[in-house]
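Residue-level structure breakdown
Listed below are the residues making up each chain.
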Amino acid sequence: MKTIAERLQSALESIAQHCTALNKSPQQVALLAVSKTKPVEAIEQAYAAGQRLFGENYVQEGIEKIHSLQHLKDIQWHFIGPLQSNKSKAVAEHFDWVQSVDRLKIAQRLSAQRPPKKAPLQVLLQMNISGEDSKSGVTDSAGLLALAEEVNALPNLTLRGLMAIPAPQQHEEAQRQVFKQLHQLFELLRARYPQVDTLSMGMSGDMQAAIQAGSTMVRLGTAIFGERQKNT
């Protein structure tokens, strides 16, 4: 059985190979280790192997880990799950990034609740590119540009780009087309806001297609931490 350090190295090598094939630097694609449901000890192992960016889906679980690992000063915590209004304060107070900003109300609350002593909260706007009822997010370019304008004007937030979780496609070409649409939307944002630099798309099953389409951040969980152990 591979260790977390070995899995992390394999993931980084895979990213590097995809980038090299496209004549781009591996440094152009960040790896976000999705640590939801994983114990603090697993995060510590990944940290010891050089990983610094970690993603959490659940507010209370994430905050408990942040407190447990506050001695590791250079960890960067990303909230990547759906965010309810009644939990925005906890996220604004503890996380460095929020990748799932899908409506103005949430952005306004995060801005108002961000502690003054902390750096601005880095945010990504979530696109529901496939129009799935089960997922949150903006569904078209007009909605995206309108939300971006409003979020960009808020204090205590810095708009950094887009995040998306496209629906799986049966064919590779269809998958590539979805990612290409997302990259075009990302370029629309980048043309308007010079600080926009992050397109968070691609997971274990579609990482190669995402990188080919211009992803700057891939989110990997099982590939690094292994399958979640089932209770017996």
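In what follows, the accompanying structure is described. (Residues numbered from 1 in each chain as written. Predicted model: local features only at pLDDT ≥ 70, side-chain atom pairs only at ≥ 80, totals over all residues. Heavy atoms only, no water.)

1. Details of the nonpolar core
- Residues Val-98, Leu-110, Leu-125, Met-127 and Leu-162 are the most contacted members of the largest nonpolar core, which totals 65 residues.
- At six residues, the largest contribution of residues to this core is made by helix H7 (residues 172-192).
- Ignoring anything within four residues of it in the chain, the contact list for Met-127 reads Gly-137, Val-138, Thr-139, Asp-140, Leu-144, Leu-162, Met-163, Ala-164, Ile-165, Leu-182 and Leu-185. (Core = buried A, V, L, I, M, F, W, Y, C linked by side-chain atoms within 4.5 Å. Buried < 20%, exposed > 50% of the residue type's maximum accessible area, 1.4 Å probe, protein only. Helix = DSSP H or I, 4+ residues; strand = E, 2+ residues; numbered from the N terminus. Contact = heavy atoms within 4.5 Å.)

2. Details of the packing of aromatic side chains
- Following the criterion strictly, the structure yields two aromatic pairs and no others.
- Consider the rings of Phe-54 and Trp-77, whose centres lie 5.9 Å apart with planes at 40°: the pair is tilted. With a gap of 23 residues between them, Phe-54 in strand S2 (residues 53-56) and Trp-77 in strand S3 (residues 76-79) connect regions that are remote in the sequence. Summarising the burial analysis for this pair, Phe-54 and Trp-77 share the class buried.
- Measuring from ring centre to ring centre gives 5.4 Å for Phe-79 and Phe-95, while their planes differ by 75°; the resulting arrangement is edge-to-face. Remark: Phe-95 occurs in the loop between helix H4 (88-94) and strand S4 (97-101) and Phe-79 occurs in strand S3; sequence separation between them is 16 residues. (Phe/Tyr/Trp six-rings, centres within 6.5 Å; stacked < 30°, edge-to-face > 60°.)

3. Quick look at the pattern of salt bridges
- For the structure shown, the criterion picks out eight salt bridges.
- Where Lys-65 meets Glu-61, a salt bridge forms, and the shortest distance between an N and an O atom there is 2.6 Å. Residue Lys-65 and its partner Glu-61 are both found in helix H3 (residues 59-68); the two are separated by four residues, about one turn of the helix.
- We classify Lys-65 as buried; its relative accessible area is 5%.
- Among the salt bridges present, the one from Arg-190 reaches Glu-187, with a minimum N-O distance of 2.6 Å. Of this pair, Arg-190 and Glu-187 both sit in helix H7, three residues apart, which is roughly one turn of the helix.
- Owing to a relative accessible area of 37%, Arg-190 belongs among the partly exposed residues under this scheme.
- The partly exposed category is assigned to Glu-187, whose relative accessible area is 29%.
- Several salt bridges share partner residues, and in doing so they unite Glu-56, Glu-61 and Lys-65 into one network. (Salt bridge = Lys/Arg side-chain N within 4 Å of Asp/Glu carboxyl O.)

4. Quick notes on the packing of helix H6 (residues 141-152) against H7
- Interaxial distance between H6 and H7 falls to 11 Å at its minimum, and their mutual angle equals 30°. Every pair of crossing elements has a handedness; the one defined by H6 and H7 is right-handed. Contacts from Ser-141, Leu-144, Leu-145 and Ala-148 in H6 reach Leu-185, Leu-188, Leu-189 and Arg-192 in H7.
- Of the residues belonging to the contact of H6 with H7, the class tally is six nonpolar, one polar and one charged. (Axes fitted to C-alpha atoms, helices over the stretch in contact; angles between N-to-C directions. Left-handed = near helix turned anticlockwise from the far one by under 90°. Nonpolar A, V, L, I, M, F, W, Y, C, P; charged D, E, K, R; others polar.)

5. Side note on H6
- With twelve residues, H6 extends 16 Å between its outermost C-alpha atoms, agreeing within 8% with the 16 Å of an ideal straight helix rising 1.5 Å per residue.
- Buried within H6 are the following residues: Leu-144, Leu-147, Ala-148 and Val-151. For H6, the angular spread of the buried residues around the axis is 105°, confining them to a single face. Opposite the packed face of H6, turned more than 90 degrees from it, sit the exposed residues Ala-142 and Glu-149.
- Structurally, H6 contributes buried residues whose contacts are with S4, helix H5 (104-113), strand S5 (121-127), strand S6 (157-164) and H7. (Expected span 1.5 Å × (residues − 1). Arc of directions from axis to C-beta.)

6. Some words on H7
- With 21 residues, H7 should cover 30 Å at 1.5 Å per step; its first-to-last C-alpha distance of 31 Å lies within 8% of that length.
- Looking only at H7, the buried set comprises Gln-175, Val-178, Phe-179, Leu-182, Leu-185, Phe-186 and Leu-189. For H7, the angular spread of buried residues about the axis comes to 110°, placing them on one side.
- Those residues of H7 that are buried lie in contact with S5, H6, S6, strand S7 (198-200) and helix H8 (207-213).

7. A look at the environment of Pro-168
- Tracing the sequence through the fold places Pro-168 in the loop between S6 and H7.
- Of the residues examined, Pro-168 reaches a relative accessible area of 74% and is grouped as exposed.
- Residues Pro-168 and Gly-205, spaced 37 residues apart in sequence, show a C-alpha to C-alpha distance of 9.0 Å.

8. Description of the pairing of S4
- Counting buried positions along S4 gives five out of five residues, so the element sits mostly inside the fold.
- Read from S3 through H4 to S4, the crossover connection turns out right-handed.
- Pairing analysis gives three bridges linking S4 to S5, with the strands arranged parallel. Across the sheet, residue Trp-97 finds its bridge partner in S5, namely Gln-122. (Right-handed = clockwise from strand over helix to strand, strands pointing away. Pairing = 2+ DSSP bridges.)

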